[in-house]
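# Results of the structural survey
So you can see what is in the structure, the chains are spelled out below.
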2 protein chains.
Amino acid sequence: MRKIDKVDLQLIKVLSQNSRLTYRELAEILGTTRQRIARRMEKLKKLGVIRKFTILPDFEKLGYMYAIVLIKLKPLIDVDDVINDIADIEYVKVIEKGIGKYNLLVHLLVPKDLHGAEEKVNEFLKRIKDIEEADVVFVSKISKFEII
Amino acid sequence: MRKIDKVDLQLIKVLSQNSRLTYRELAEILGTTRQRIARRMEKLKKLGVIRKFTILPDFEKLGYMYAIVLIKLKPLIDVDDVINDIADIEYVKVIEKGIGKYNLLVHLLVPKDLHGAEEKVNEFLKRIKDIEEADVVFVSKISKFEII
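Only a predicted model underlies this, so the values are computations on that prediction, with no experimental measurement involved.

## Quick word on the overall build of chain A
- The number of helices and strands found in chain A is 5 helices and 5 strands.
- When the helices and strands of chain A are read in sequence order from the N terminus, they spell out α-α-α-β-β-α-β-β-α-β.
- Computed over its C-alpha atoms, the radius of gyration of chain A comes to 19 Å, more than 25% above the 15 Å expected for a compact globule of 148 residues.
- For the C-alpha atoms alone, the extent of chain A along its principal axes is close to 55 × 40 × 25 Å.
- By the burial criterion, 49% of the 148 residues in chain A qualify as buried.
- Here the contacts in chain A between residues at least 6 apart in sequence split such that 65% fall between residues at least 24 apart.
- As displayed, chain A offers around 7600 Å² of accessible surface, 48% of which is attributable to carbon and sulfur atoms.

Structural data, given as structure tokens:
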């Protein structure tokens, strides 16, 4: 029961489209029983395959947008140290370690007016030492969001 | 009833941490009634403030990772045309319009081995004409994921 099979993957895809479906509804969609769905859900949570049940809000309607800060740290700097330093900042919402042109990607939740947004980004950048290069992209629209 | 108030925002935050909570559980957390939660949920969905109830899987455990392609299109190219062209590609999971160094950010779901990943990214890049500049970052770890 430890391995992830095709039905697990289907279940994950269905949940990524609607994470509020009941076990009964999931069972109907996947052509199985409620008990089997319950068992699979337990497994997926236990194995950490499902990290979180969450939502995608319309940030603009809430007065916010994402600013994505793309950072390349100086050589020899430990990315995990920097991540620890910024993880608790309230407006820091997503932190991703990267391989490639940038090695740290940070999503900030900022006011949707560009002035307020820039202020917040500058405040954030001041808190990180050892930046070799940093670029910022303000997300003006999320056109597709499928997760998996 | 059309405006988003503080309780709505609280509700959204709670749901972003656990989108499977029942109306009864949400009512308990927010100190209100199930009926009032139901009414607020209807409103938030109707207004499009909640776009989707979804999950965050552990991509690595499923054999995948995200490749984020950062694109600056040539001047005068309509970003929306490009978005229409790529929106239906199965492995294209997130499409964001940006303001700043890049004007288009695309998350691809790719195999977690770098070889397979690069192949997929190259396949994708060939489908977009009118790129002025493109950079790629492979996400090796998602350290924080709070949404809002």
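## Regarding the packing of helix α1 (residues 6-17) of chain B against helix α2 (residues 23-30) of chain B
Residue and element names in this part refer to chain B.
- It is at 11 Å that the axes of α1 and α2 come closest, and there the two elements cross at 120°. One element, α1, and the other, α2, form an angle in the oblique class. Regarding α1 and α2, the two cross each other, and that crossing is right-handed. On α2, the residues touching Val7, Gln10, Leu11, Val14 and Leu15 of α1 are Leu26, Ile29 and Leu30.
- Residues that form the contact of α1 with α2 fall into these classes: 7 nonpolar, 1 polar and no charged.

## Overview of the sheet that holds strand β2 (residues 64-73) of chain B
- Reading around the barrel, the 8 strands line up as β2(A)-β4(A)-β3(A)-β5(B)-β2(B)-β4(B)-β3(B)-β5(A) and close back on themselves, with antiparallel pairing between neighbours. When strand polarity is set aside, the average angle formed by the axes of neighbouring strands in this sheet is 35°.
- Taken together, the 5 bridges between strand β3 (residues 92-100) of chain A and strand β4 (residues 104-111) of chain A define a ladder with antiparallel strand orientation. From the neighbouring strand, Glu96(A) faces β4(A), where its bridge partner is Leu105(A).
- In this fold helix α5 (residues 114-126) of chain B packs onto β2, β3 (92-100), β4 (104-111) and β5 (131-145) of chain B, with an angle of close to 140° to the strand it touches most, β4(B).

## Structural notes on the relation of the copies chain B and chain A
- Under the fitted operation, chain B is carried onto chain A by 0.0 Å of movement along the axis and a turn of 180°, and the coordinates agree to an RMSD of 0.0 Å. What the superposition gives is, in effect, a two-fold axis relating one chain to the other.
- Both copies contact each other with a shared surface, as 100% of the interface residues of chain B are interface residues in chain A too.

What counts and what doesn't
- Residues numbered from 1 in each chain as written.
- Chains lettered and ligands numbered in written order.
- Predicted model: local features only at pLDDT ≥ 70, side-chain atom pairs only at ≥ 80, totals over all residues.
- Heavy atoms only, no water.
- Helix = DSSP H or I, 4+ residues; strand = E, 2+ residues; numbered from the N terminus.
- Rg over C-alpha atoms; globule rule 2.2 N^0.38 Å.
- Buried < 20%, exposed > 50% of the residue type's maximum accessible area, 1.4 Å probe, protein only.
- Contact = heavy atoms within 4.5 Å.
- Areas by Shrake-Rupley, 256 points an atom, 1.4 Å probe, with all protein chains shown as cover.
- Axes fitted to C-alpha atoms, helices over the stretch in contact; angles between N-to-C directions.
- Parallel < 35°, antiparallel > 145°, perpendicular 65-115°, else oblique.
- Left-handed = near helix turned anticlockwise from the far one by under 90°.
- Nonpolar A, V, L, I, M, F, W, Y, C, P; charged D, E, K, R; others polar.
- Pairing = 2+ DSSP bridges.
- Least-squares fit on C-alpha atoms with pLDDT ≥ 70 in both.

Everything listed is a geometric property; what it means functionally is a separate question.
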